[in-house]
Amino acid sequence: SLHKYFNTNNLWIDLQALRKLLDSSGGIVPLPMIKNKKTVDPKDDTSTPVFQLETAMGAAIECFKGATAIVVPRTRFAP
């Protein structure tokens, strides 16, 4: 395969740990903000410049003590 690793975009969260985090942070998960400079029409560099603001849920791993990533064999997924 071309890539040794790939992201399945799955998050598995201990709901008790999530409740504790939400209770201690005013009901939000304190994720870092990502600012992407773009244009309204991405195919036209002369269109109006804008910023896309987003958060990456994968960054939530830093909010939970002891959190980790796991490796799932590629054989577990359909081709």
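Our subject is the structure listed above.
We now turn to the structure provided with this report. (Residues numbered from 1 in each chain as written. Predicted model: local features only at pLDDT ≥ 70, side-chain atom pairs only at ≥ 80, totals over all residues. Heavy atoms only, no water.)

**A closer look at the overall build of the protein**
Item 1. When helices and strands are counted, the protein shows one helix and two strands.
Item 2. Listing the helices and strands of the protein from first to last along the sequence gives α-β-β.
Item 3. Here the C-alpha atoms of the protein give a radius of gyration of 18 Å, more than 25% beyond the 12 Å that 2.2 N^0.38 yields for 79 residues.
Item 4. Along the longest, intermediate and shortest principal axes, the C-alpha atoms of the protein span 50 × 45 × 15 Å.
Item 5. Within the span of the protein, comprising 79 residues, buried residues form 11% of the whole.
Item 6. Pairs at least 24 residues apart make up 37% of the contacts formed inside the protein by residues separated by at least 6 positions.
Item 7. Surface summary for the protein: the accessible area is close to 7300 Å², and the carbon and sulfur share equals 58%.
Item 8. Averaging the locations of the 10 positively and 7 negatively charged side chains of the protein gives two centres separated by 9 Å. (Helix = DSSP H or I, 4+ residues; strand = E, 2+ residues; numbered from the N terminus. Rg over C-alpha atoms; globule rule 2.2 N^0.38 Å. Buried < 20%, exposed > 50% of the residue type's maximum accessible area, 1.4 Å probe, protein only. Contact = heavy atoms within 4.5 Å. Areas by Shrake-Rupley, 256 points an atom, 1.4 Å probe, with all protein chains shown as cover. Lys, Arg positive; Asp, Glu negative; His and termini not counted. Charge placed at Lys NZ, Arg CZ, Asp CG, Glu CD.)

**Notes on the environment of D45**
Item 1. Mapped onto the secondary structure, D45 falls in the loop between β1 (33-39) and β2 (49-55).
Item 2. Since its relative accessible area comes to 72%, D45 is described here as exposed.
Item 3. In this structure the C-alpha to C-alpha distance between D45 and V71, which are 26 residues apart in sequence, comes to 39 Å.

**Overview of the environment of L21**
Item 1. Position of L21 relative to the elements: it lies in helix α1 (residues 15-24).
Item 2. Overall, the relative accessible area of 11% leaves L21 in the buried class.
Item 3. Separated by 42 residues in sequence, L21 and C63 place their C-alpha atoms 7.8 Å apart.
Item 4. Look past the residues within four positions of L21 in its chain and what remains in contact with it is I28, V29, P30, C63 and F64.

**Overview of the layout of surface pockets**
Item 1. Empty space within the largest pocket amounts to approximately 1100 Å³.
Item 2. Every residue lining the largest pocket is counted, 28 residues in all, and those nearest its centre are N10, L11, T68, A69 and I70.
Item 3. Across the lining of the largest pocket, the residue classes break down as 17 nonpolar, six polar and five charged. (1 Å grid on protein atoms, 1.4 Å probe; cavity = no way out; pocket = protein on both sides within 12 Å on 5 of 7 lines; lining within 4 Å. Points joined across faces, edges and corners; volume = space filled by probe spheres on them. Nonpolar A, V, L, I, M, F, W, Y, C, P; charged D, E, K, R; others polar.)

**Details of the environment of T46**
Item 1. When you line up the elements, T46 lands in the loop between β1 and β2.
Item 2. Take T46: its relative accessible area is 71%, and that puts it in the exposed class.

**Focus on the pattern of salt bridges**
Pairing between side chains of opposite charge can happen when the charged atoms of each approach one another.
Item 1. This structure, assessed with the given rule, holds one salt bridge.
Item 2. Here R19 and D23 are joined by a salt bridge, their closest N and O atoms 3.2 Å apart. Residue R19 and its partner D23 are located together in helix α1, separated by four residues, close to a single helical turn.
Item 3. Among the residues examined, R19 registers a relative accessible area of 49% and is labelled partly exposed.
Item 4. For D23, a relative accessible area of 55% corresponds to the exposed category. (Salt bridge = Lys/Arg side-chain N within 4 Å of Asp/Glu carboxyl O.)

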